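Examining the three-dimensional arrangement
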Number of protein chains: 2
Amino acid sequence: MAITVVGSVAFDSIETPAGRRERCLGGAATHFSLAASFFTEVRVIAVVGEDFGPEQEAVFNARGIDTRGIERIAGKSFFWEGSYLENLNEAKTHTTELNVFAAFEPKIPDAYRDSHFLFLANIDPVLQRRVREAMPDVRLVAGDTMNYWIKDHRAALLEVLKGLDMLLINDTEVKMLAGNNNLVQAARAVMALGPNTLVVKHGEYGATLFQGATAETTARTFRAPALPLEEVVDPTGAGDSFAGGFFGYLASQPELTPEAFRRAMFYGSVMGSFAVERFGTERLQQVTRKEIDDRFILFRELTHLA
Amino acid sequence: MAITVVGSVAFDSIETPAGRRERCLGGAATHFSLAASFFTEVRVIAVVGEDFGPEQEAVFNARGIDTRGIERIAGKSFFWEGSYLENLNEAKTHTTELNVFAAFEPKIPDAYRDSHFLFLANIDPVLQRRVREAMPDVRLVAGDTMNYWIKDHRAALLEVLKGLDMLLINDTEVKMLAGNNNLVQAARAVMALGPNTLVVKHGEYGATLFQGATAETTARTFRAPALPLEEVVDPTGAGDSFAGGFFGYLASQPELTPEAFRRAMFYGSVMGSFAVERFGTERLQQVTRKEIDDRFILFRELTHLA
């Protein structure tokens with residue numbers, strides 16, 4: 001079933017211990033949609049400037065991603081510059097230029113309206129909510145957010161959470177959102193705000209799935225590992241690629257059984273592990289379904305008893 | 001097969017968000033031997049002072065642990081005081097009194113000499129080496145260490161590593177020991193120093209097993225989770241309890257197959273998860289083999305696809 005994703009399509013200049021890349025294609029919606037495209041039909045809603053040309057367009061086209069919802073307007077695309085020189089787990093932001101994104105008004109093509117799955121990537125919660133409300137018929141809505149929205153746009157974010165079936169965020173964010181440093185307690189508190197499914201990403205340690213917590217009962221949990229990697233070239237987009245693998249796999253399933261969620265966690269980790277092997281989206285552009293399935297088997301061997 | 005463990009038997013005063021305990025029974029060899037005692041015969045080598053009385057002795061006796069190698073001398077036992085008020089993952093040490101431990105000269109009872117397994121808990125590497133050399137017939141030697149020995153007693157520690165089959169340390173320690181911030185690269189470098197098996201403990205994120213790395217090939221890896229816990233009462237001894245479950249299970253096996261190592265990782269995580277549920281050794285004193293096996297099943301459900 002088709003996923004519509006709304007979020008940033010951007011240019012990133014990135015420096016890591018492995019080197020530097022200028023203005024490579026990036027943005028949460030880009031990483032998400034490339035990762036999800038290996039599992040299901042993906043449709044993007046975003047805004048870009050005049051610097052987004054045929055070369056960038058071709059990256060989406062090669063994966064069969066619907067870009068009719070990527071609006072092109074005068075000006076420059078969203079631009080981010082950051083480095084991971086001291087710590088591969090945390091980006092240091094040098095520049096953020098919103099550019100055309102500053103006045104982004106998401107428009108939903110009619111052709112997207114039969115999407116059953118909606119992913120609200122990490123953007124202003126006001127925009128997330130607007131897209132959510134414009135697509136009332138979707139069956140399942142998942143979203144992401146970040147510390148900036150949690151701290152400074154809490155009221156708007158809480159409105160978004162009410163309309164989410166699933167939230168995918170990292171350790172720091174779930175604890176900040178709940179105001180609680182215990183992961184299990186924080187997860188329960190965040191699930192009380194709306195989402196019945198919560199995925200907490202732990203970076204190089206994998207991710208935890210929480211489902212069905214109530215005030216009285218603890219959530220059912222599942223832990224997926226991350227692959228211990230000899231070299232992380234560029235962590236940018238790892239979380240969005242995880243989300244794409246996770247949500248893409250779910251959207252491809254006839255039924256959302258507990259087992260489908262567990263396998264989705266593994267596919268999320270698999271796509272995240274590929275994403276960091278090269279700069280930007282380079283690896284996700286080249287990876288094959290065979291490599292994805294082989295790595296899924298590797299993840300199983302990495303964690304399973306006989 | 002029997003394990004001999006050498007390490008500290010101590011008194012700990014501990015403060016955590018859950019409360020405070022004065023002078024409860026602690027020490028690496030204590031946590032280790034309690035955890036391992038559920039799987040195999042355990043024999044302890046340590047030194048204690050006059051404050052170690054029948055009450056402490058009874059804790060070991062109740063679990064059938066051989067204490068003939070616990071020497072009693074004039075003076076006070078090793079004492080540690082610490083808190084985890086800001087961060088449950090890292091102890092803040094307030095007091096360390098070596099007391100009788102300052103002049104510890106490990107003596108190995110004749111009855112221990114047929115032990116097939118030896119665990120060198122976290123103590124001065126000079127002592128670890130002495131015990132290792134005094135027991136040349138053991139079949140398998142594992143050890144632990146800490147940042148203090150890595151930084152300030154490196155030469156002595158490197159000598160110990162040469163004689164180890166297995167090393168169990170945490171993330172920070174393996175990276176410090178290797179001088180490398182990438183886990184996989186650090187693991188390979190540390191294994192080149194001696195141990196063919198390396199277990200890296202990640203605290204609340206579980207642990208990774210590395211085996212059989214060479215200069216050319218990457219180690220085989222296996223990841224065991226930690227249980228997401230609603231409340232961590234006292235993290236003291238979690239790592240030693242992990243080691244006890246891990247090494248104790250291995251010692252109970254007829255053959256050290258790859259599958260035995262994987263299951264040992266799970267039993268390590270299981271014992272660590274019990275240890276933190278109460279202060280000091282309280283939980284390990286009360287846990288039953290049935291509870292251990294039930295939690296093993298829970299860990300499997302937490303991580304396994306159908």
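Residues numbered from 1 in each chain as written. Chains lettered and ligands numbered in written order. Predicted model: local features only at pLDDT ≥ 70, side-chain atom pairs only at ≥ 80, totals over all residues. Heavy atoms only, no water.

All right, on to unusual backbone geometry then. Of all residues except glycine, most have a negative phi; of all peptide bonds, most are trans. Residue and element names in this part refer to chain A. Even without being glycine, Arg23 reaches a positive phi, approximately 45°. Within the secondary structure, Arg23 sits in strand S3 (residues 19-26). In this structure, Asn99 is a non-glycine residue whose phi angle is positive, near 50°. Tracing the backbone shows Asn99 in the loop between strand S7 (92-97) and strand S8 (117-120). (Helix = DSSP H or I, 4+ residues; strand = E, 2+ residues; numbered from the N terminus.)

Before going further, it helps to spend a moment on the relation of the copies chain A and chain B. The two copies are related by a screw operation: chain A maps onto chain B through 180° of rotation and 0.0 Å of translation along the axis, at an RMSD of 0.0 Å. Taken together, these values place the two copies in the relation of a two-fold axis. Take the interface residues of chain A: 100% of them recur as interface residues in chain B, which is what a same-surface contact looks like. (Least-squares fit on C-alpha atoms with pLDDT ≥ 70 in both. Contact = heavy atoms within 4.5 Å.)

Glancing now at the interface of chain A and chain B. Many analyses report the size of an interface as the accessible area lost when the parts associate. Across the boundary between the two partners, chain A contributes 33 residues, which contact 33 residues of chain B. Together, Arg223(A), Glu230(A) and Leu305(A) form the three largest contributors to the area buried by chain A at its contact with chain B, with a combined 28%. Scanning the region where chain A abuts chain B turns up four salt bridges. Here Lys175(B) and Glu204(A) are joined by a salt bridge, their closest N and O atoms 3.8 Å apart. Where chain A meets chain B, there are 24 residue pairs in polar contact (both at pLDDT 80 or more). Those elements that place two or more of their residues in the side of chain A that touches chain B are helix H6 (171-178), helix H7 (183-191), strand S13 (220-224), helix H9 (258-275) and helix H11 (289-303) of chain A. In terms of residues, the side of chain A that touches chain B owes the most to one element, H11(A), which gives five residues. Tallied by class, residues from the side of chain A that touches chain B come to 13 nonpolar, eight polar and 12 charged. (Buried area = accessible area lost by both parts, 1.4 Å probe. Salt bridge = Lys/Arg side-chain N within 4 Å of Asp/Glu carboxyl O. Polar contact = N/O pair within 3.5 Å; in protein donor to acceptor, adjacent residues only side chain to side chain. Nonpolar A, V, L, I, M, F, W, Y, C, P; charged D, E, K, R; others polar.)

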